[in-house]
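# Results of the structural survey
Each chain, written out:
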Amino acid sequence: MEKQTKQQIAFWIFRIFAWCVVALLLGILYFIFSRGWRTISWEFLTSIPEDGMTKGGIYPAIIGTLCLVGGSMIFAFPIGLLAGIYINEYAKDNWFKRFIKLMTNNLAGIPSIVFGLFGMALFVKKLNFGDSILAGSLTLGLLALPVVIRVTEEALLAVENSFRQGSLALGATKLQTIRKVVLPIATPNIITGLILAIGRVSGETAPILFTVAAYFLPQLPTSVFDQVMALPYHLYVISTSGTNITASRDMAYGTALVLVMIVLLLNLLANALRRYFSNRVKMN
Amino acid sequence: MRMIETKNVQLYYGDFHALKDISMQIESNTVTALIGPSGCGKSTYLRLFNRMNDLIDNVRIEGDVLVEGRDIYGKGLGMRIDELRKKVGMVFQKPNPFPKSIFENVAYGLRVNGIKNKDYIEERVETSLKQSALWNEVKDKLNKSAFELSGGQQQRLCIARALANEPSVLLMDEPASALDPISTAKIEELIYELKEKYTIIIVTHNMQQAGRVSDKTAFFYLGELIEYDTTPHIFTNPTDSRTQAYVTGRFG
């Protein structure tokens, strides 16, 4: 066979598989949109569920998910960022560093239901936080931690060493170099990763199952020790164990659509922030 | 005046003996070229003087390195590393301006060394940019990103950045190897002018360049200092046959 023909065939195989990925995503989005968009209304977004969760809205679940995502990031972001900086900038390349990296990767691979059990045992029972936003946020934070660490690490690794050397050669300390040169360059990538972590956390059901999520709770939380409803769990409830599953079918697709929209918006935000920071980093 | 002196310096990267018993003296206000084939140790030798080798794991250094008569690797009475790096500036092979404005690039060394006086910083930035022959090209866009400059301009910005700290020594690690011939000529011209005020040590692979800019030349081979003499002597009448072979292009 001519090598040009081979090249054409290979090219088309790659192209077809790339299209498959796009088609799959569009297919899922179409499925959710076509079934869910009629349910979406201002009222749906801002009122509480009614009639055994077959009518009304999902306001408490939206607020609950926002609380949990925010809480988990307050916990996971600073710790993950500092750990990532340590691993990439300070730790010498020895067995200890390799051990930390191995453990971080293993942590990322643990099924989320295990995080849920662990969170229940530690935060709900042992530390006596009860089923609460605090316990749920910490559990989700644990889940997000390895993602944040790895993203930070990779963002720092992508910063060319010549920048570090240039800064050190001018008499800057390592800390000054990291703060004034390395971190600003890495910020766009760190933010992208952070928002992807948020996207992951906002869709998790298993970790909040035993630690915070309420089956039905019509009022908003007043403290971090309150339970909340959350979108993914609400979706699970009204599609599998609600009072009337057939009657709440529309609500389920509406909830799914809201969840998907939140994740899509976060990804778009990640892109916008990334562009903003990579422009700004050249300037400040 | 003797600016830099090394006495019986040995340097090891793990088991690899990279510098073998190097003793050498460098006078102030001279340009010294370090030449030799790749991997001969010349860049490693250059990085002794601002302790950039310290950044590499498993590096071991023996012997004395003196800058202005002070032992820079000694403990106690030696020189603090940030003080040393202010005194001994460095320009790298590839221009590496920070992703900051032109002004902030030059001000960086002052800021990290604790200088806050705005007027003084502005004055130092202007002086340094004039010294590196960049001022006329950038004076109207000091707040623009350094990345908007051409490669040659970026390299002169990096020279200005090093000069802002008012160093005594300027280390240049193949400063023109990534630049076009016109930018290279500008850098060489600059080296000639800067000699008035600074002691310059330059690593280069370009024999013509070493011949044009330097007063003295040191030839390194396999981690050893083979020959160190005035540049005309090294290029026209070297003592060692290996030097002869290298400068005439028979290996390298």
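Residues numbered from 1 in each chain as written. Chains lettered and ligands numbered in written order. Predicted model: local features only at pLDDT ≥ 70, side-chain atom pairs only at ≥ 80, totals over all residues.

## A short note on the overall build of chain A
Worth spelling out the cut-off: Helical segments are the DSSP runs of H or I of at least four residues, strand segments are the runs of E of at least two, and each set is numbered from the N terminus. The exposure scheme places C-beta atoms from the backbone and then counts, for each residue, the other C-beta atoms within 10 Å of its own, assigning buried at 20 or more, exposed at 12 or fewer, and partly exposed in between. By definition, residue pairs are in contact when their C-beta atoms, positioned from the backbone, come within 7 Å.
Counting secondary structure elements, chain A contains 11 helices and 2 strands. Each principal axis of the C-alpha distribution contributes one length, and for chain A these read about 70 × 65 × 35 Å. For chain A, the residues scored as buried account for 40% of the 284 residues in total. Partitioning the contacts of chain A with sequence separation of at least 6, the portion at a separation of at least 24 is 76%.

## Considerations on the overall build of chain B
Stated formally: Note on method: radius of gyration uses C-alpha positions; expected globular size equals 2.2 Å times residues raised to 0.38.
In terms of helices and strands, chain B carries 10 helices and 10 strands. On C-alpha atoms alone, chain B measures out to a radius of gyration of 18 Å, which is about the 18 Å that the 2.2 N^0.38 rule sets for 252 residues. In terms of overall dimensions, chain B has C-alpha extents of about 55 × 45 × 35 Å along its principal axes. Partitioning the intrachain contacts of chain B with sequence separation of at least 6 by distance along the chain shows that 66% fall at a separation of at least 24.

## Here's the deal with the interface of chain B and chain A
Keep this limit in mind: Charged means Asp, Glu, Lys or Arg here, nonpolar means Ala, Val, Leu, Ile, Met, Phe, Trp, Tyr, Cys or Pro, and polar covers whatever is left, Gly included.
Taken together, the contact between chain B and chain A spans 22 residues of the former and 19 residues of the latter. Listed by contribution, the elements that provide at least two residues to the side of chain B that touches chain A are α2 (81-87) and α3 (102-112) of chain B. Looking at the side of chain B that touches chain A residue by residue, the classes come out as 8 nonpolar, 7 polar and 7 charged.

## A short note on helix α5 (residues 112-126) of chain A
All names here are of chain A. Our working definition: What a helix is expected to span follows from its residue count: subtract one and scale by 1.5 Å. Take the seven residues that end at a residue and the seven that start at it, fit an axis to each, and the angle between those axes is the bend at that residue.
A rise of 1.5 Å per residue sets the reference length of α5, with its 15 residues, at 21 Å; its end C-alpha atoms lie 20 Å apart and thus fit the reference within 8%. Considering bend angle alone, the principal kink of α5 is centred on G119 and spans about 30°. Inspection of α5 places F115, G116, G119, F123 and V124 among the buried residues, and these make up the whole buried set. Residue N128 follows α5 closely and has a positive phi angle near 65°.

## Observations concerning the sheet that holds strand β5 (residues 70-71) of chain B
Residues and elements named next belong to chain B. We count it as follows: Two strands qualify as a pair provided that DSSP identifies no fewer than 2 bridges between them.
Reading across from one edge, β2-β1-β4-β5 is the order of the 4 strands in this open sheet, with antiparallel pairing throughout. Because the sheet does not close on itself, it has two edges, and the strands there are β2 (16-27) and β5. Bridge analysis of strand β4 (residues 59-67) against β5 gives 2 bridges, and the strand direction is antiparallel. Within β5, the residue paired with L66 across the bridge is D71.

## Section: the packing of helix α10 (residues 231-240) of chain A against helix α11 (residues 249-280) of chain A
All names here are of chain A. Just so we agree on the cut-off: Only C-alpha atoms enter the line fits that serve as axes; for helices the fit covers just the stretch in contact. Angles between N-to-C directions range over 0 to 180 degrees. Roughly parallel refers to an angle under 35 degrees, roughly antiparallel to one over 145, roughly perpendicular to one between 65 and 115, and oblique to any angle outside these ranges. Two helices that cross are described as forming a left-handed crossing if the nearer one is turned anticlockwise from the farther one by less than a right angle, and a right-handed crossing if clockwise.
Contact pair α10 / α11: the axes reach a minimum separation of 9 Å and the direction vectors enclose 160°. Judged by the angle between their axes, α10 and α11 are roughly antiparallel. Here the hand of the crossing between α10 and α11 comes out left-handed. On the side of α10, the interface is formed by L231, P232, H234, L235, I238 and S239, while α11 contributes M251, A252, T255, A256, V258 and L259. For the contact of α10 with α11, the residue count by class is 9 nonpolar, 3 polar and no charged.

## Quick look at the environment of I13 of chain A
Examined against the element boundaries, I13 of chain A turns out to sit in helix α1 (residues 3-36). Taking the C-alpha atoms as reference points, I13 of chain A and V228 of chain A, 215 residues apart in sequence, are found 48 Å from one another.

## Things to note about the pairing of strand β7 (residues 169-173) of chain B
Residues and elements named next belong to chain B. Inclusion rule: By convention, orient the strands away from the viewer: a clockwise path from the first strand over the helix to the second makes the crossover right-handed.
With 5 of its 5 residues buried, β7 lies for the most part within the structure. Where strand β6 (residues 88-91) meets β7, 4 bridges bridge the pair, whose relative direction is parallel. From the neighbouring strand, V91 faces β7, where its bridge partner is M172. Here β7 runs beside strand β8 (residues 199-203); their pairing, made up of 5 bridges, is parallel. For M172, the partnering residue across the bridge sits in β8 and is I202. This β-α-β element, β7 to helix α7 (residues 181-194) to β8, shows right-handed connectivity.

## Comments concerning the confidence of the model for chain B
Test applied: The pLDDT value tells you how sure the predictor is about a given residue, anywhere from 0 up to 100.
On average, residues of chain B score 92 in pLDDT, and 98% of them are at 70 or above. Taken together, the chains of this predicted complex give a pTM of 0.85 and an interface ipTM of 0.92.

## Comments concerning the environment of C67 of chain A
Residues and elements named next belong to chain A. As for its position among the elements, C67 is in helix α3 (residues 59-90). Through-space distance from the C-alpha of C67 to that of L134 is 9.5 Å; in sequence the pair is 67 residues apart. Non-local contacts of C67, meaning those with residues more than four positions away in its chain, are made with I133, P221 and V228.

## Regarding the sheet that holds strand β3 (residues 31-35) of chain B
All names here are of chain B. The strand order across the open sheet built from 6 strands is β6-β7-β8-β3-β9-β10, with neighbouring strands paired in mixed fashion. A strand with exactly one partner marks an edge of an open sheet, and here the two such strands are β6 and β10 (224-230). Averaged over neighbouring strand pairs, the angle between their axes works out to 15° when direction is ignored. Relative to β10, strand β9 (residues 216-221) runs antiparallel, the two being bridged by 6 bridges. Bridge pairing in β10 places F219 opposite E227.

## Digging into unusual backbone geometry
Residue and element names in this part refer to chain B. Phi is positive for N58, close to 65°, though the residue is something other than glycine. Turning to its location among the elements, N58 is positioned in the loop between α1 (42-46) and β4. We classify N58 as exposed; it has 11 C-beta atoms within 10 Å. Within the chain, A133 stands out as a residue other than glycine whose phi angle is a positive 60°.

## Quick word on helix α4 (residues 118-131) of chain B
All names here are of chain B. Basically, it comes down to this: The directions from the helix axis to the C-beta atoms are what the arc is built from.
If you check α4, its first and last C-alpha atoms are 20 Å apart, about what 14 residues at 1.5 Å a residue would give, namely 20 Å. Every buried residue belonging to α4 is among R124, V125, S128 and L129, and all of these are buried. For α4, the angular spread of the buried residues around the axis is 125°, confining them to a single face. Exposed and oriented more than 90 degrees from the buried face of α4 are D119, Y120 and E123. Where α4 is buried, its residues contact α3, α5 (135-138) and α6 (151-163). Residue A133 follows α4 closely and has a positive phi angle near 60°.

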